[in-house]
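# Coordinate inspection notes
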Amino acid sequence: MAAIYSGIHLKLKGSRTQWEDKLKLARFAWISHQCFLPNKEQVLLDWVSHSLIGYYNKKFELSQSVLGELWAYLDDILHSKKLQNLTKERKNISLRFAVAQVINEQILESVSPEAPVKLSTLLSCCQGILSSSMLSVIYTTKNELMVDLLNKLSLLACSELKSQVAVLRPQLFEVLLLTLDHYMLVQRQQTNPNRIFRQVTAQLFQPCLLLRHLLTTRAWAAEDNSTVRHHLSKEIRNKIDVLLHTGIFLPDHFSSYKQELLPAKEATGVKRGPVTKALLTPVHVILTKLSDTEFYDPSLHFAVKANSLPLLYKISLDSYCKGGANQLVGFYMFSRFVTCLGLSQEKDSVEIFNKSDWSLALLALENLLISTLSSDIYNVAVDRLQDGEAQFHFYRDVAQLLLNHPQQSIPAWYRCLKGLISLSHLIVEPNLDKLVSSAWVDADCKDARVQKSQDALLSTLLQTYTKLRQLPRLFEELLSVICRPAADELRQPVLSAGLLRKLCECLLELPPNQVLEICNMIIEKCQSYLIPDVDGKDNIALKLLSLSILLHSVMFNMKSLDNTTPVPIVHRSQRLMGGMLDEILKPLLLLLLKGHSLEAFWLHKVCEATLLFCYTWVEMNTIFQIHCSKYISPVGPVEEWDCRILFPGMSLEDCCRISNITSMCGSMSQLLLELLSLQKMKKILVQTDFSKDANIEASLRKAASYIVQSGRGSLCQANTELWNRQISRVDDSTYPVAHWFLVTSNLAVMMPFLSEEDLSYIADLVLSTVHLQDVSIGLDDQETCLSVSTISRHLLNSVLLPEMPTLHSAFIQCLLKRFISFLCTCEEGVTSQVLQYLEENDAIWEGDQKKDCMSETICKTEDASPSWKRMETAAQVILTSAKVCSQMTISGSQFESLMDLLSVMGALKPDGMAPADQSRCFLLLLFIATNLKPSFDCEAVKTIEQLNETYLLLTSLQSGRNFGSVLKVLHASDILEAVMASLFSLCSKGLSSNIENPAWLHFIQTVQNFLKGLMQVIIERKNSTRLNLEKFTSFLLKCDVSREMKSGQPLETWSPGAGQLLVTALTTLCQVIISCLDQYKKNKQMVETLTHLLEEVSVILGPVLQSYMKSKYCSRLGQAFFVNSVTVLLEAELTRRSHRTTEGDDAPKEQLRYPALYKCFSQQLMKELSSSERPLEFLMSALCFMKVFCSSAVKTRDRGLDKIIISIVLSLRKLLSAPWISANDICSLETYLKNLIAQLTASCTTEQFYIIMKLIAEGLETTNIWKGNHRDVVSAVTLIRLLVSCPLQGDCEKAFWFTAPQMITALVFLIKEASKELALTSLLTVPALETLTVLLQQGEGILSNPHHVTLTFSALLSVPLDRIPVEDYYSVFHATHEVLFSVIQCHPKVMLKAAPSFLNCFYRLVVCVMHQGRQKGDGEKGSTAEFEVILKCAQLAERMYTHIASKTEEFTVFSSFIVAQYVNELQKVTLHPEVKKHLTEGMYQILDLCIEQDIKFLNTSLQMGVKEVFKELYSNYTRYHKSQRQGEEKYTA
């Protein structure tokens, strides 16, 4: 057969054969094994190459279809498996260089739709060639072809990226990245750096920069390929950065850069190489290429230039100026790049910049300045002494250009100025007035980003001048700018919130003299320039207001005088306060008295400024007087405590007139008057005993009432805005918030002097505003902004409200009124009568509270006050209405209002309530719970929601310290009966149609908590305990629901919800009686009564539960409710039995009443336990029941105990191997599982324990993993961990530890097998490691054979650490660490011989955390959560190092090797600072073990790069750790 096909070669070369036939023959020859052709693959590859080259060299003609087929054939060959196999077999296959040349020529032409060859085919061929190590030599050995290909691919990618409409081809970017990789390899092999430079700048520089710019700035669309967007684009950008670094800024080129950049006198020392090899002007070449207008589109040219210059500058600094070297070269590079941007005084290009160009240029300049700062290019001293301030003058020119052409709407403009100030404040010093004007006072910053940048600049300015102790100089310029003629109404406030915080910090750092100097300057400006000309001038009035705010900010944030303040400072402060009084306050106050029109704008602003000056002066004067005894006030001691305190130096009549005038001058004036009134109150309280003078007390009451009532009308406004706590931002829209904040934050001061009306107003306002919706935040910081509703919520939830009993009581009264007015809108029933008793005559309630009428001692009814008698009457009416089920109805529209009121009551603290308030709240809620019924046109879920919230509040009120007052007007049993009667009535009307609804089950739990809490109160207070419990028990046994269930009626006639409620009440009663029996066990009469009650309850509870289990309502035993109920019934029977049999040993052992129920129930539970997915609550309840059931079997000496124990173990094994149960579920169930297993092991015999161990051991066989029975292994591993955690005794303990070595061995093999599959890491490997840890910990002192412990090391070495997902990383790391920690902590003798194996395992952890904790690039950065996981792992590694260091005997010999391993790995990676901090601290502990000989050994044996890392580590250790440790040892006994 071979001979038949041997003539193919001649036919392929023959001219007579058609091209279509040649292609068919070529394809057949490539794939056929029957075709014999010497060196067939090379021949065919040569043929197709020759054909393509011949066509493009015009040696022969081909049709378009044949040409396409030839390219497709070449592509198929390049990607065939046969070619790949030949490559692996190292057979020599080659391509002609002309093929690469053809591909390069055709790539750009193939973009056209009319092109005969598709671009995808050419790219595929190119990819196939570059992916083959044998074929890629046609590019790698001929560098020009590689450069040309990279140029063409870059241009092609740029053309695609320019078109936002076109969908990007992933193939193009994959080939481009592959080409870049090959070019970088070729470039490294080049020996001629000049040739590299010329190639890069001639062919690659412009396309690569354009490509990088387009990739960076592209607006990625949803249809763009995600691989290109997230991976390829980042990789390509990184490769381009490396290409520019290695191609343009090579070390060999530094002399050329230095010669070109430095002036002639600086470059004289440059060593010149041969003339033929020198690069004359590399910077000129780079900038010429960047400025080439022919290559770049006009629309993109400046953007590419602006984005590229900072990158090139950063690369140049990394190449030539690391560590502060060659600073002058870096500066001149900076100056050339800035000039290239057009930001130069010598050019007029700045004048023609449009807005977008300005933005790009400033962003570029900002990045250039950042690089300059980070590389320490500018050294002020060196520049001045050696370089003639060349840098300084250039930076000053740049600053002057920025200030001459201000761009206040661009954030980068502010950041550039900030960078220049960071270089040196002297750069902007000559133009400081321009800076303050354009960037501060006259800047109109409304955009949040711009304001943030402005705050950063001004904060830097303040911080710089503070450190230089020249802040007064800055304020001098600021005041000059403010006082210049300008349109002040357009100016923003001088101090934003962020800037005010920075000013506060700076003032605290300044010496007092300088702060006083600033204040004096402000006062002087006001006195000299503003006050004389303010009359009738709006602009001057606005300037005066600005200076008053500035003075207020400075004085309120300066250090206060105290008794340690030097006398000169005190005297200067006195002169300041005196000057402020005489030169500002008095002239302004007199100006207000001249009788100007109150509607004038300037007068309003003068009033605001005057009041702010007054408030500042009064506040500071008072503070100085309180804290500094040496300070003497400019005004004498106060004789009359009237409004003259507020306006010092004025007569009483003038003060009254000023108050009247200013109160009509706007919101800010009103707020300042309130602040002054508050200051008056504080001053009186500090300096007088107001209780001895009725006039003073009246003055205080008047001031407090004025403050509260001033904003009464404004708080009802609908257009209230947020307030940022700055007094300068108070206007009509923010005044309500500022006023409300002032009132609520000073309640402690005003509270004793507020009238009942004021308190009621405040309480009503809190209640009305607490649910208002906040407006949007706007510009201000969210943390500092306030709204009326936010303030009200803070007050309601604060711990201070209960500490103000009068306000707290007023709020409760207001809330009760709101509840009552709401209820009065509902259907009339008994409502009006009950509410009348609870509402009327509030004064009587208050009088009773003041007399402290209610105490814990029960008063006789005839001795009680009328108010309490009314409450008793109301309580009886509520009980009556609940028992007769006379319920009112609310509509769906009223539901939300009721829920809002309930949520407000839920915020109150019961312990802060007065007895009467707590009683009224409880009665009102009880009325709502028992008498209010939402209409059933709304959903039943809403009804349950309202009832649930009400009962939660009733339960909460039970914890109040004055709950005893409730039990004075109502018996506890009456409350319980009323609640149950009401709930039974609601259920009969269809409330609980679906008893498996989660909302209903949650409500049942809430009711149970309420009943249990009230019964617990009965027991704890010993409040007729027996009587109340007997009465409630009798009610439950005789109620209609109970009678129906005992009558034997069909189950379908029951109300399922009512039955469930009855079960809830009975089980709760059982639990309470059981706890009560323990408390009263010494009281025989009480024990007999309670035991009798328990028997009566169990008599009805048993049949009820049996009926439910047979009914359709319990078709699915998935509710924890029924399981809990049966468990309680069983516990009740066991308790009753134990109390009946404690009378004597001869007493007959009473059997359980319902053994069949428990047995049937347990069997059904075991079937249901693992049959399908179950809620965790059900599983917890089931495990609790099985524990109690097992205990009952032991106590009743059940003959089937053996079967019970084994069946429970089998059920547990099935449960833990169920596919739906997760590791988190097992963790949640762990406590219940432990309790059950502890009960099992305590109940079983030795033979039964052996059976249990055998059942568990079946799951530890390695064959289970091979068969895929992974869940069986998990079940066995979990059971062992739980078993070893239980207290084993006697023979069971011996049996367990006898088999423990076999279990350790089995676990080791399991871990090794599971580690082979990454998917089993979290499922199997981690639980096995955790079980191993517990075995090692509990086996301390028991595992005598060291071999059994050292086995674990082999398992740890197999655990995968580098390939696991991030979500499993910490669990694996922690589990491995805990095994090692158990060995080192619990088995120290093993470590004497096994230390090397231990260190090998631990070294894997260290290497892993170092690899994960390295500093990563933009493309690799993970989330914050991932980093926190790595940080926790680093902390574990540090902890282990500390424990290793504490074991001196075992590890001293290995300390130098531990250090060597660490520094070897550290030399390979750059760690994140936080991770490095923890690992370094751990390594310091190991270095403590190293002796001098170890240090010498390390210095001698380590390799060069590693040695430097060790020297740095040891230097830091000696400096920071060793010296501190030696200092501590010096003072240690």
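Residues numbered from 1 in each chain as written. Predicted model: local features only at pLDDT ≥ 70, side-chain atom pairs only at ≥ 80, totals over all residues. Heavy atoms only, no water.

A word on the overall build of the chain. Looking only at helices and strands, one finds 68 helices and two strands in the chain. Counting across all 1533 residues of the chain, residues that qualify as buried make up 55%. Long-range contacts, defined as pairs at least 24 residues apart, comprise 78% of the intrachain contacts of the chain with a sequence gap of at least 6. Counting every atom, the chain has about 67300 Å² of accessible surface; 52% of that belongs to carbon and sulfur. (Helix = DSSP H or I, 4+ residues; strand = E, 2+ residues; numbered from the N terminus. Buried < 20%, exposed > 50% of the residue type's maximum accessible area, 1.4 Å probe, protein only. Contact = heavy atoms within 4.5 Å. Areas by Shrake-Rupley, 256 points an atom, 1.4 Å probe, with all protein chains shown as cover.)

All right, on to the pattern of salt bridges then. In this structure the tally under the stated criterion is 32 salt bridges. For R449, the salt bridge identified is with D447, shortest N-O distance 3.7 Å. A single network of salt bridges, built from pairs that share partners, joins R27, E69 and D76. (Salt bridge = Lys/Arg side-chain N within 4 Å of Asp/Glu carboxyl O.)

A few words on the nonpolar core. One finds W71, F647 and Y1462 to be the most contacted residues of the largest nonpolar core, which totals 544 residues. A per-element tally of this core places helix 28 (residues 601–627) first, with 14 residues. (Core = buried A, V, L, I, M, F, W, Y, C linked by side-chain atoms within 4.5 Å.)

Another point: the packing of aromatic side chains. Going through the model one piece at a time under the given rule, you end up with 37 aromatic pairs. The interplanar angle of 80° and the centroid separation of 5.9 Å between the aromatic rings of F334 and F394 together place this pair among those described as edge-to-face. With F334 in helix 16 (residues 327–341) and F394 in helix 19 (residues 390–404), the pair connects residues that are 60 residues apart, well separated along the chain. Across the pair, F394 and F334 agree in class, each one buried. With a centroid separation of 5.1 Å and 85° between ring planes, the pair formed by F1161 and F1185 is classed as edge-to-face. Note that F1161 is positioned in helix 51 (residues 1155–1169) and F1185 in helix 52 (residues 1176–1195), a separation of 24 residues in sequence. Aromatic rings pair up to connect Y313, F331, Y332, F334, F337, Y378, F394 and Y395 into one cluster. Over the aromatic face of W19 sits the side chain of K22, whose NZ or CZ is 4.3 Å from the ring centroid. Stacked on the ring of F1381, the Lys or Arg R1439 has its end atom at 4.1 Å from the ring centre. (Phe/Tyr/Trp six-rings, centres within 6.5 Å; stacked < 30°, edge-to-face > 60°. Lys NZ or Arg CZ within 6 Å of the ring centre and 35° of its normal.)

This paragraph deals with helix 9 (residues 143–162). The terminal C-alpha atoms of helix 9 lie 29 Å apart, and with 20 residues this matches the ideal 28 Å at 1.5 Å per residue to within 8%. Buried residues dominate helix 9, accounting for 15 of its 20 residues. (Expected span 1.5 Å × (residues − 1).)

This brings us to the packing of helix 62 (residues 1388–1412) against helix 65 (residues 1455–1466). In the contact formed by helix 62 and helix 65, the axes pass within 11 Å of each other and the chain directions differ by 25°. By the angle class used here, helix 62 and helix 65 are roughly parallel. Here helix 62 runs over helix 65; the crossing is right-handed. In this structure, helix 62 contributes L1399, Y1403, V1406, V1407 and M1410 to the contact, and helix 65 contributes I1458, Q1461, Y1462, E1465 and L1466. (Axes fitted to C-alpha atoms, helices over the stretch in contact; angles between N-to-C directions. Parallel < 35°, antiparallel > 145°, perpendicular 65-115°, else oblique. Left-handed = near helix turned anticlockwise from the far one by under 90°.)

Our focus in this paragraph is the packing of helix 11 (residues 193–217) against helix 15 (residues 298–320). Packing of helix 11 against helix 15 brings their axes to within 10 Å, and their N-to-C directions diverge by 95°. Comparing their axes, helix 15 and helix 11 come out roughly perpendicular. Mapping the contact onto sequence places F205, L209, L210, R212, H213, L214 and T217 in helix 11 and L300, A303, V304, N307, S308, L311 and L312 in helix 15. Classifying every residue of the contact of helix 11 with helix 15 gives nine nonpolar, four polar and one charged. (Nonpolar A, V, L, I, M, F, W, Y, C, P; charged D, E, K, R; others polar.)

This part takes up the environment of C1286. Inspection of the secondary structure assignment puts C1286 in the loop between helix 57 (1270–1285) and helix 58 (1290–1314). For C1286, the residues in contact, after removing those within four places along its chain, are K1234, I1237 and A1238.

Tracing the chain through its elements places P193 in helix 11. Distance in space between the C-alpha atoms of P193 and G247 is 7.8 Å, their sequence separation being 54 residues. When neighbours within four sequence positions are excluded, P193 is seen to be in contact with L250, D252 and H253.

Looking now at the side chain of T565. Here T565 is to be found in the loop between helix 26 (538–557) and helix 27 (567–592). A polar contact is formed between the side chain of T565 and the backbone nitrogen of D562, at a distance of 2.9 Å. When sequence neighbours within four positions are dropped, the list of residues in contact with T565 reads S560, V570 and K630. (Polar contact = N/O pair within 3.5 Å; in protein donor to acceptor, adjacent residues only side chain to side chain.)

What follows concerns unusual backbone geometry. Notably, D376 is not glycine yet its phi reads approximately 55°, a positive angle. One non-glycine residue, R725, adopts positive backbone phi at about 70°. For R725, a relative accessible area of 43% gives the class partly exposed.

The next subject is the environment of V117. With respect to the secondary-structure elements, V117 resides in the loop between helix 6 (97–109) and helix 7 (119–131). Sequence-wise, V117 and L67 are 50 residues apart; in three dimensions their C-alpha atoms are separated by 7.4 Å. Excluding residues that lie within four positions of it along the chain, V117 makes contacts with Y56, L67, W71, S110 and L122.

Next up on the list: the confidence of the model for the chain. On average, residues of the chain score 83 in pLDDT, and 89% of them are at 70 or above. In this model residues 270–276 is a low-confidence stretch, pLDDT under 50, and it forms four contacts with partners more than four residues away in sequence or in other chains. Confidence over residues 841–862 falls short of pLDDT 50; this stretch has 40 contacts with residues more than four positions distant or in other chains. (pLDDT = per-residue confidence, 0-100.)

This part takes up helix 14 (residues 282–290). The set of residues buried in helix 14 consists of P282, V283, I286, L287 and L290. Across the axial projection of helix 14, the buried residues extend over an arc of 125°, all falling on one side. Buried residues along helix 14 sit in contact with helix 11, helix 12 (226–248), helix 13 (254–261), helix 15 and helix 16. (Arc of directions from axis to C-beta.)

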